[in-house]
Amino acid sequence: MRVIILIIIACVISVGIFSTAIFVYQYTIQDGKLVQIDKTSVLEEKFYSQNFTGKKIFILGSSLVSAANAEYIENYLSKNELDYEIYNLAMASDKPIKRLKTIDNLIKVKPDIVVYGIGFNDVYDQISNEYLKSEISLPDPRYFFSQFMWYLEMNTELNFNVLSSTRTVSFGIIDNILEKGIINPRQDKEVIETDFTYSNTPFFIYHKSDTIPMNEKEMEMEIKELPLNVINPPEKNKNVIALKKTIDRLQENDIQVIIFTTPYNKLFYEISPNYDQKAFNVIVEDLIKSSNTKINFLHNKYNNTQIWQSHDHLLVNKNLTFYSEDISKIIISELNK
């Protein structure tokens, strides 16, 4: 009994330390007031207040679509006599339930087409109740943390998706420390920032880690560290419900919607406990029926191990054009119907 009490106390203390770290990471004090660090909302306000002219295509999704080069897609369409301005509006840690909150801002600028990239990450709805289930009666701190993080993310504006990879966490913390001036900024800041950024991608900040290939061993370790999520059926899945509402709002305003599935490395399908193709297929079929929208499949298309920065993120590299080209072809195919 004493051991259980000590473990519970240790969990409470650890949660306190962890919560404080996340809180400091995402909040700051301005003029004596606690203010959430929300750079994206500032960037959104600036972007959507522009006076747009001409035909526009917006690409939506999380960081899983950040490797799509808007400039390349625009030029590809132009060569096919399709004159559109392309904007990749990818957001780090984005989910449909969050994107829905700002969809009216997007609708006001009247894009002609919205291309939405969705993957397993977008439709995970909760931590599995079977996650790390043990025959012993001692509380499992990892399960406790997972449930705690999930509750906070679904009920607050805090983002924990950045913690899915130790490498992502490291770069994020370093970036935050340097920016806040907690330590003296290093002269070699290229450790964090890339020497380029894709044009017309206003909401996403690229990092050096986005350009570094992950080897197979690192990827296996990353996948094995993932918490076990589940995909609830469409009628109970908060993110799927939000996605369907987003599609409905766009179509009600005569905005064409094109959907594609985001790529995952083959190791995800081979060793990840989160790989549930059957549940994902149910979501896809429901989206097709409810929105009368075709789903274009890219989630298992790319198997080259040298093109990945993580198990679910393609490298950011202007010389790697296959992803942008495939998205371009999907758009052209839909427009030619």
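The sections below set out a description of the structure shown in this document. In this text the structure is predicted, and so the values were computed from the model without any measurement.

## Quick word on the overall build of the protein chain
Step number 1: Helix and strand content of the protein chain: 13 helices and eleven strands.
Step number 2: Buried positions account for 44% of the 337 residues belonging to the protein chain.
Step number 3: When contacts within the protein chain are restricted to residue pairs at least 6 apart in sequence, those whose partners lie at least 24 apart make up 78%.
Step number 4: Carbon and sulfur atoms form 53% of the exposed surface of the protein chain, whose accessible area is close to 17700 Å².

## Comments concerning the packing of helix 3 (residues 70–79) against helix 13 (residues 322–335)
Step number 1: The interhelical angle for the contact between helix 3 and helix 13, taken along N-to-C directions, is 45°, at an axis separation of 9 Å. Taken together, the axes of helix 3 and helix 13 are oblique relative to one another. As helix 3 runs across helix 13, the sense of the crossing is right-handed. Only Ser324, Glu325, Ile327, Ser328, Lys329, Ile331 and Ile332 of helix 13 make contact with helix 3, whose side of the interface consists of Tyr72, Ile73, Tyr76 and Leu77.
Step number 2: When its residues are assigned to classes, the contact of helix 3 with helix 13 shows seven nonpolar, two polar and two charged.

## Focus on a nonpolar patch on the surface
Step number 1: Together, Ile5, Leu6, Ile9, Ile13 and Ile17 make up an exposed nonpolar region whose accessible area comes to about 480 Å².
Step number 2: Structurally, the position occupied by Ile5 is in helix 1 (residues 2–26).

## Topic: the nonpolar core
As a rule of thumb, nonpolar side chains are buried together in soluble globular proteins.
Step number 1: Judged by nonpolar contacts, the single largest core of 69 residues is most densely connected at Phe58, Leu77, Leu89, Leu106 and Tyr323.
Step number 2: In contact with Tyr323, not counting residues within four places along its chain, are Leu64, Val65, Ala67, Ala68, Phe260, Thr262, Pro263, Leu298, Tyr302 and Leu314.

## Things to note about the pattern of salt bridges
Oppositely charged side chains are able to pair whenever their charged atoms sit close together.
Step number 1: Tallying each qualifying case throughout the model produces seven salt bridges.
Step number 2: We note a salt bridge from Lys301 to Asp326, for which the minimum N-O separation is 3.1 Å. Here the residue Lys301 occupies a position in the loop between strand 9 (295–297) and strand 10 (308–310), and Asp326 occupies one in helix 13, the gap between them amounting to 25 residues.
Step number 3: Through salt bridges with shared partners, one network takes in Asp104, Arg249 and Glu252.

## Some points on helix 10 (residues 238–252)
Step number 1: In a regular helix each residue adds 1.5 Å, so 15 residues correspond to 21 Å; helix 10 covers 21 Å between its end C-alpha atoms and thus fits that length.
Step number 2: For helix 10, the full list of buried residues reads Asn239, Val240, Ala242, Leu243, Thr246, Ile247 and Leu250. For helix 10, the angular spread of the buried residues around the axis is 160°, confining them to a single face.
Step number 3: Among the structural elements, helix 4 (96–99), helix 5 (103–108), strand 5 (113–118), helix 6 (120–123), strand 8 (256–261) and helix 12 (277–291) are those in contact with the buried residues of helix 10.
Step number 4: The backbone nitrogen of Asn239 has a side-chain oxygen 3.1 Å away, supplied by the residue at the start of helix 10, namely Asn237.

## Concerning the sheet that holds strand 8
Step number 1: Overall, parallel pairing links the five strands, which are arranged 4-3-5-8-9 in an open sheet. Edge positions in the sheet fall to strand 4 (85–88) and strand 9, since each of these pairs with one other strand and no more. Strand-to-strand twist across the sheet, computed as the mean angle between neighbouring axes with direction ignored, equals 20°.
Step number 2: Bridging between strand 3 (residues 56–60) and strand 5 involves four bridges; their strand directions are parallel.

## Describing the packing of aromatic side chains
Step number 1: Under the counting rule described, the total for this entry stands at 21 aromatic pairs.
Step number 2: One aromatic cluster is present, formed by Phe47, Tyr48, Phe52, Phe58, Tyr87 and Phe203 through successive ring pairs.
Step number 3: Over the aromatic face of Tyr84 sits the side chain of Lys55, whose NZ or CZ is 4.6 Å from the ring centroid.

## Side note on unusual backbone geometry
Step number 1: With phi around 55°, Asn200 is a residue other than glycine that occupies positive phi space.
Step number 2: The residue Asn200 is located in the loop between helix 8 (166–180) and helix 9 (216–224) in this model.
Step number 3: What makes Asn200 partly exposed here is its relative accessible area of 30%.
Step number 4: Positive phi is not limited to glycine here, since Asp254 has a value of about 60°.

## Structural notes on the environment of Leu314
Step number 1: As for its placement among the helices and strands, Leu314 is situated in strand 11 (residues 313–314).
Step number 2: With 51 residues separating them along the chain, Leu314 and Pro263 place their C-alpha atoms 7.7 Å apart.
Step number 3: Leu314 has contacts with Ala67, Pro263, Tyr302, Ile307, Trp308, Gln309, Phe322 and Tyr323, leaving out every residue within four places of it along the chain.

## Notes on the packing of helix 10 against helix 12
When two helices pack together, their arrangement is captured by the angle between the axes and the distance separating the axes.
Step number 1: Direction vectors running N to C along helix 10 and helix 12 enclose 25°, while the axes themselves pass 11 Å from each other. Between helix 10 and helix 12, the interaxial angle falls into the category roughly parallel. For the crossing formed where helix 10 meets helix 12, the hand is right-handed. For the pair helix 10 and helix 12, contact is made by Val240, Leu243, Lys244, Ile247 and Gln251 and by Ile283, Asp286, Leu287, Ser290 and Ser291, respectively.
Step number 2: Residue classes in the contact of helix 10 with helix 12 are distributed as five nonpolar, three polar and two charged.

Criteria and thresholds
Residues numbered from 1 in each chain as written. Predicted model: local features only at pLDDT ≥ 70, side-chain atom pairs only at ≥ 80, totals over all residues. Heavy atoms only, no water. Helix = DSSP H or I, 4+ residues; strand = E, 2+ residues; numbered from the N terminus. Buried < 20%, exposed > 50% of the residue type's maximum accessible area, 1.4 Å probe, protein only. Contact = heavy atoms within 4.5 Å. Areas by Shrake-Rupley, 256 points an atom, 1.4 Å probe, with all protein chains shown as cover. Axes fitted to C-alpha atoms, helices over the stretch in contact; angles between N-to-C directions. Parallel < 35°, antiparallel > 145°, perpendicular 65-115°, else oblique. Left-handed = near helix turned anticlockwise from the far one by under 90°. Nonpolar A, V, L, I, M, F, W, Y, C, P; charged D, E, K, R; others polar. Patch = residues over 30% accessible without salt bridge, like charges linked within 9 Å, V, L, I, M, F, W, Y side chains within 5 Å. Salt bridge = Lys/Arg side-chain N within 4 Å of Asp/Glu carboxyl O. Core = buried A, V, L, I, M, F, W, Y, C linked by side-chain atoms within 4.5 Å. Expected span 1.5 Å × (residues − 1). Arc of directions from axis to C-beta. Polar contact = N/O pair within 3.5 Å; in protein donor to acceptor, adjacent residues only side chain to side chain. Pairing = 2+ DSSP bridges. Phe/Tyr/Trp six-rings, centres within 6.5 Å; stacked < 30°, edge-to-face > 60°. Lys NZ or Arg CZ within 6 Å of the ring centre and 35° of its normal.

Everything listed is a geometric property; what it means functionally is a separate question.
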